[in-house]
Amino acid sequence: MSGPVLKLVAQRIAMGLLLLLAVSVLIFAGTQILPGDVAQSILGQSATPEALENLRRDMGLNDPAYIRYLHWLGGILTGDLGTALSSGQDIASSLKGRLWNTLFLAFWAAVVSIPLAIGLGLLAVRYRNGWVDKIISGLGLASTSLPEFFTGYLLIYFVAVRLQWFPSVSTVYDGMPLGERLSAIALPVTVLTLVVLAHMMRMTRAAILNVMQSAYIETAELKGLTPFQIIARHAFPNAIAPIINVVMLNLAFLVVGVVVVEVIFVYPGMGQYLVDHVAKRDVPVVQACGLVFAAVYITLNIIADIVAFVSNPRLRHPK
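Notes on the structure in this doc start here.

Rules behind the numbers
Residues numbered from 1 in each chain as written. Predicted model: local features only at pLDDT ≥ 70, side-chain atom pairs only at ≥ 80, totals over all residues. Heavy atoms only, no water. Helix = DSSP H or I, 4+ residues; strand = E, 2+ residues; numbered from the N terminus. Buried < 20%, exposed > 50% of the residue type's maximum accessible area, 1.4 Å probe, protein only. Areas by Shrake-Rupley, 256 points an atom, 1.4 Å probe, with all protein chains shown as cover. Axes fitted to C-alpha atoms, helices over the stretch in contact; angles between N-to-C directions. Left-handed = near helix turned anticlockwise from the far one by under 90°. Contact = heavy atoms within 4.5 Å. Nonpolar A, V, L, I, M, F, W, Y, C, P; charged D, E, K, R; others polar. Phe/Tyr/Trp six-rings, centres within 6.5 Å; stacked < 30°, edge-to-face > 60°. Lys NZ or Arg CZ within 6 Å of the ring centre and 35° of its normal. Expected span 1.5 Å × (residues − 1). Bend = angle between axes of the 7 residues up to and from the residue. Patch = residues over 30% accessible without salt bridge, like charges linked within 9 Å, V, L, I, M, F, W, Y side chains within 5 Å. Salt bridge = Lys/Arg side-chain N within 4 Å of Asp/Glu carboxyl O.

**Focus on the overall build of the protein**
For step 1, the next point in the chain: Counting its regular elements, the protein contains 16 helices and zero strands.
For step 2, the next point in the chain: Taking all 319 residues of the protein together, 42% fall into the buried category.
For step 3, the next point in the chain: Approximately 17200 Å² of the protein is accessible, and the part contributed by carbon and sulfur atoms is 67%.

Below is the structure:
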């Protein structure tokens, strides 16, 4: 790596760590101000005051907030995310499979949405201001305007219940054949694709149209190249940096924005795990899930910045 690239990587990593530290403070503070009593929710309404006081002391709830935060942060730095209050299970062990399921869902949503978005963006540029461009933009705007839960329930009703093409409940398990697993996640992948497709497509179109105003595009036209050749050989490679940035940001959304989709399709990922334990007021699980989501989002944003920098020669060689 060259000097500017190493400097950028170091800066982005340092900034990401500071941001993650700030997010951890916000997550901890947010869970502490939630209404209700953790000890009361564990022991139930019939618990005696003595039992509640003993449990609060055992859980460290009587310690000052900053002491509890430092204890929690120290556990995270050593790989200990704590223990679930509702089940007594180790949170890190429980999250491994859930995180893998969420990443698996996000991966296949990205495999479908990224090529489709870039292809539609290129097609919209080729026929810009024509009926093809207007149809693509209109359908993209309509898809991004519909909330995930509405699209999900429509797909469940028409595709799963009426047509019975795919299951309405996305149940996956260890050792499940890949074909069955892909069939199980077909509907949530479709919902996630529709959510991110329009944004990536419109940003791809805008980035390429911006490049199309350059002088070398006119030179390519004078050489007699076809519009598709001009877009593929000259416009798209020079617009790749902003496109990569948009793609990485949408990948981050696919990972951290799956909560609603996982709940709708009862998918055993981190989103479903988080919602289940929010209902139980299981604060350590909520804190751990929030921190993992934040770490994934910040990491993908750092990668987006680095990739956009590396793919742009003018940034790598400012002189």
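On we go.
**Comments concerning unusual backbone geometry**
For step 1, the next point in the chain: Even without glycine at this site, Gln164 takes up a positive phi of about 55°.
For step 2, the next point in the chain: Even without glycine at this site, Val266 takes up a positive phi of about 50°.
For step 3, the next point in the chain: Within the secondary structure, Val266 is located in the loop between helix 13 (259-264) and helix 14 (270-279).

**A look at the packing of helix 5 (residues 91-126) against helix 6 (residues 131-145)**
The description of two packed helices rests on the angle between their axes and on the distance between the axes.
For step 1, the next point in the chain: Where helix 5 contacts helix 6, the axes come no closer than 7 Å and their chain directions differ by 145°. For helix 5 against helix 6, the interelement crossing comes out left-handed. On helix 6, the residues touching Leu120, Leu123 and Ala124 of helix 5 are Val132, Asp133 and Ile136.
For step 2, the next point in the chain: Its residues assigned to classes, the contact of helix 5 with helix 6 shows five nonpolar, no polar and one charged.

**Some remarks on the packing of aromatic side chains**
For step 1, the next point in the chain: The final tally for this structure, using the stated rule, is five aromatic pairs.
For step 2, the next point in the chain: Seen from their ring centres, Trp100 and Phe104 are 6.2 Å apart, and the 45° between their planes marks the pair as tilted. One end of the pair, Trp100, and the other, Phe104, are both in helix 5, four residues apart, so they sit about a helical turn from each other.
For step 3, the next point in the chain: Arg181 extends its terminal NZ or CZ atom over the ring of Phe104, reaching a point 5.2 Å from the ring centre.

**Remarks on helix 9 (residues 186-211)**
For step 1, the next point in the chain: With 26 residues, helix 9 should reach 38 Å at 1.5 Å per residue; the first-to-last C-alpha distance of 36 Å fits that figure.
For step 2, the next point in the chain: Of all the bends found along helix 9, the most pronounced is centred on Val196 and spans about 35°.

**As for a nonpolar patch on the surface**
For step 1, the next point in the chain: A cluster of nonpolar side chains, contributed by Leu146, Phe149, Phe150, Tyr153, Leu154, Tyr157, Phe158, Val161 and Val260, occupies part of the molecular surface with about 830 Å² of accessible area.
For step 2, the next point in the chain: The dominant element in the nonpolar patch, judged by the number of residues it contributes, is helix 7 (residues 148-162), at seven residues.
For step 3, the next point in the chain: Relative to the elements of secondary structure, Leu146 occurs in the loop between helix 6 and helix 7.
For step 4, the next point in the chain: Look at Leu146 and you get partly exposed, because its relative accessible area is 37%.

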